[in-house]
Amino acid sequence: MQLTFDNRVALVTGAGRGIGRAISEELARQGVKVICVSKSESSCGAVAESIKAAGGDAFARPVDVSDGEAVAQAAKELLEQFGQIDILVNNAGITRDGLILRMSHEDWDAVISTNLSSCFYWSKHLIHPMARRRWGRIVNITSITGLVGNAGQVNYAAAKAGMIGLTKSLAKEFGSRTLTVNAIAPGFIKTDMTSGLSDQITEIVLKNIPLRRLGQPEDVAGIAVYLCAEEASYITGQVFSVDGGLAM
Ligand code: NAP
């Protein structure tokens, strides 16, 4: 489906693989200029090259999104370079699973800073120019774990639930400037993040998914890109599950 984008520039974090890659590729297919951010230069670089090879417009910028100073510096430089960033997709994320009694402070901090603090950093540094232009879209990729919790993931569940609070609060702060802020809560999506699941766990998961399959990154990308388009201008502060019915 062709959506309406009026010379927009997007920044997608975690663009190097999985869901972030699919969102970046679909945004580019819709004519949006995409700044691909990931931790390693090789991964965001490869995605930007592949978008350009397909006729799209993309630029790669490695940034450790868990580092507030690095994000502030990158946001400043990218705003200078591109003049505007209209769309922010906070997608970068990691897991460091373990039961709470065995979870280290490092694993807690790494998951909170990469998944949650990163959304605060990027939003803080990009939202003011969006508000001035009276147009902006922020899409935060949370998880059904943030909605329903999961044993062994207190760090990840807390980070993803925090993203939902951040989403709804920002939507209220900036609604009057016609900015929209929404979240997407994927269930089990086939990416590197879920590639370590054993066959036994996958079988149990599949039994609980009414649609009886794991999701594909494109299942998330479709709605993410819709939420960034002109057509979604009256949708804000919402959380959309993309989970095959798992957490309904
Ligand atoms: P993935 O395949 O593991 O890719 C993660 C991406 O995030 C990579 O591009 C990685 O960069 C980037 N990243 C990680 N730490 C970073 C950091 N400190 N700074 C910058 N970039 C960083 O993950 P995915 O499955 O596509 O997940 C994407 C998002 O969806 C995550 O927020 C995840 O929590 C959420 N989600 C996923 C699922 C699922 O089933 N897959 C379910 C629910 C929610 P490099 O490429 O440079 O390593």
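Residues numbered from 1 in each chain as written. Predicted model: local features only at pLDDT ≥ 70, side-chain atom pairs only at ≥ 80, totals over all residues. Heavy atoms only, no water.

A word on the overall build of the chain. Within the chain, the secondary structure is distributed over eight helices and seven strands. The C-alpha radius of gyration computed for the chain amounts to 17 Å, which stays within 12% of the reference 18 Å derived for 248 residues, consistent with globular compactness. For the chain, the spread of C-alpha atoms along the principal axes amounts to about 50 × 40 × 40 Å. Among the 248 residues that make up the chain, the fraction classed as buried is 51%. Nonlocal contacts in the chain, meaning residues at least 24 apart in sequence, comprise 73% of its contacts between residues at least 6 apart. Accessible surface, the chain as shown: approximately 11,900 Å² in total, 52% of it carbon and sulfur. Distance from the positive charge centre (24 side chains) to the negative charge centre (25 side chains) of the chain: 5 Å. (Helix = DSSP H or I, 4+ residues; strand = E, 2+ residues; numbered from the N terminus. Rg over C-alpha atoms; globule rule 2.2 N^0.38 Å. Buried < 20%, exposed > 50% of the residue type's maximum accessible area, 1.4 Å probe, protein only. Contact = heavy atoms within 4.5 Å. Areas by Shrake-Rupley, 256 points an atom, 1.4 Å probe, with all protein chains shown as cover. Lys, Arg positive; Asp, Glu negative; His and termini not counted. Charge placed at Lys NZ, Arg CZ, Asp CG, Glu CD.)

A few words on the pairing of strand β3 (residues 58–62). A regular strand places its side chains on the two faces of the sheet in alternate fashion. Taken together, the five bridges between strand β2 (residues 33–38) and β3 define a ladder with parallel strand orientation. Bridge pairing in β3 places Val34 opposite Ala58. The handedness of the β2 to β3 crossover, carried by helix α2 (residues 41–53), is right-handed. (Pairing = 2+ DSSP bridges. Right-handed = clockwise from strand over helix to strand, strands pointing away.)

This part is about the pattern of salt bridges. Two side chains of opposite charge can pair, provided their charged atoms sit close to one another. Summed over all chains, the structure comprises 12 salt bridges. The partner of Arg8 in a salt bridge is Asp86, with the nearest N and O atoms 3.8 Å apart. Taken together, the residues Arg8 in the segment before β1 (9–13) and Asp86 in the loop between α3 (68–82) and β4 (87–90) connect sequence positions 78 residues apart. Each member of the pair, Arg8 as well as Asp86, carries the same accessibility label: buried. Its salt-bridge partner being Glu80, residue Lys76 comes within 3.7 Å of it at the nearest N-O pair. Of this pair, Lys76 and Glu80 both sit in helix α3, four residues apart, roughly one helical turn. By relative accessible area, which is 59% here, Glu80 ends up exposed. (Salt bridge = Lys/Arg side-chain N within 4 Å of Asp/Glu carboxyl O.)

The next thing to look at is the packing of aromatic side chains. According to the stated counting rule, one finds two aromatic pairs in the structure shown. Between the aromatic rings of Phe59 and Phe82, the centroid separation amounts to 5.4 Å while the plane-to-plane angle is 70°, which identifies the pairing as edge-to-face. Within this pair, whereas Phe59 is found in strand β3, its partner Phe82 is found in helix α3, the two being separated by 23 residues in sequence. When its relative accessible area of 28% is taken as the criterion, Phe59 is described as partly exposed. (Phe/Tyr/Trp six-rings, centres within 6.5 Å; stacked < 30°, edge-to-face > 60°.)

So, on to the environment of Lys160. Here Lys160 shows up in helix α6 (residues 154–174). Apart from residues lying up to four places away in sequence, Lys160 is in contact with Asn115, Ile141, Thr142, Ser143 and Gly146.

Around the ligand, the structure places 31 residues, and the nearest of them are Arg17, Ser40, Ser43, Tyr156 and Thr191. Contacts to the ligand include Ile19, whose backbone N or O atom sits 2.8 Å from an oxygen atom. Within the side chain of Ser38, an N or O atom sits 3.4 Å from an oxygen atom of the ligand. Protein chains shield 94% of the accessible area of the ligand, which is 900 Å² for the free molecule. (Near = heavy atom within 4 Å. Polar contact = N/O pair within 3.5 Å; in protein donor to acceptor, adjacent residues only side chain to side chain.)

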